[in-house]
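# What the coordinates show
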Amino acid sequence: LTPRRIKITMVSKEKIEELREIFKKDFGVELTDQEAHDAAFNLVGFYDTLMQCACDDIKAYMKTGELSQDEGYNKWIISEAERIKKLIDSKTKPA
């Protein structure tokens, strides 16, 4: 495994409050300021990790053409790879 860069992410007070309201509505739990902040930070970190894994899979597919996940995920990887290729092509073609 290669080390990943650590991102420091700021979550706005409004988004933390929104998350606090979601917890109260969905789970009946009232979070303290610290708990809401920690939950937001952990949630952002979780999605950042998922996105890094997906980016690794897209890069691997673009390099090798091989897929290793379920069919729905593979379709998403292929569509994202095609979107990225089009974007790269549009940036590298002479005007």
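Glancing now at the pattern of salt bridges. This structure, assessed with the given rule, holds six salt bridges. Residue Arg 20 pairs with Glu 17 through a salt bridge whose shortest N-O separation is 3.0 Å. Taken as a pair, Arg 20 and Glu 17 lie in helix α1 (residues 13-27) at a separation of three residues, close to a single helical turn. The residue Arg 20 makes a salt bridge to Asp 33 at a minimum N-O spacing of 2.7 Å. In this pair, Arg 20 is assigned in helix α1 and Asp 33 in helix α2 (residues 33-64), connecting sequence segments 13 residues apart.

Further remarks concern a nonpolar patch on the surface. Where nonpolar side chains cluster on the molecular surface, the patch consists of Leu 43, Phe 46, Tyr 47 and Leu 50 and spans about 410 Å² of accessible area. Relative to the elements of secondary structure, Tyr 47 occurs in helix α2.

For the rest of this paragraph, the subject is the nonpolar core. With six residues, the main nonpolar core is built from Ile 16, Leu 19, Leu 31, Ala 36, Ala 39 and Ala 40. Of all the elements in the fold, those that place two or more residues in this core are α1 and α2. The element contributing the most residues to this core is α2, with three residues. Apart from residues lying up to four places away in sequence, Ile 16 is in contact with Val 11, Ala 36, His 37 and Ala 40.

Parameters and conventions
Residues numbered from 1 in each chain as written. Predicted model: local features only at pLDDT ≥ 70, side-chain atom pairs only at ≥ 80, totals over all residues. Heavy atoms only, no water. Salt bridge = Lys/Arg side-chain N within 4 Å of Asp/Glu carboxyl O. Helix = DSSP H or I, 4+ residues; strand = E, 2+ residues; numbered from the N terminus. Patch = residues over 30% accessible without salt bridge, like charges linked within 9 Å, V, L, I, M, F, W, Y side chains within 5 Å. Areas by Shrake-Rupley, 256 points an atom, 1.4 Å probe, with all protein chains shown as cover. Core = buried A, V, L, I, M, F, W, Y, C linked by side-chain atoms within 4.5 Å. Buried < 20%, exposed > 50% of the residue type's maximum accessible area, 1.4 Å probe, protein only. Contact = heavy atoms within 4.5 Å.

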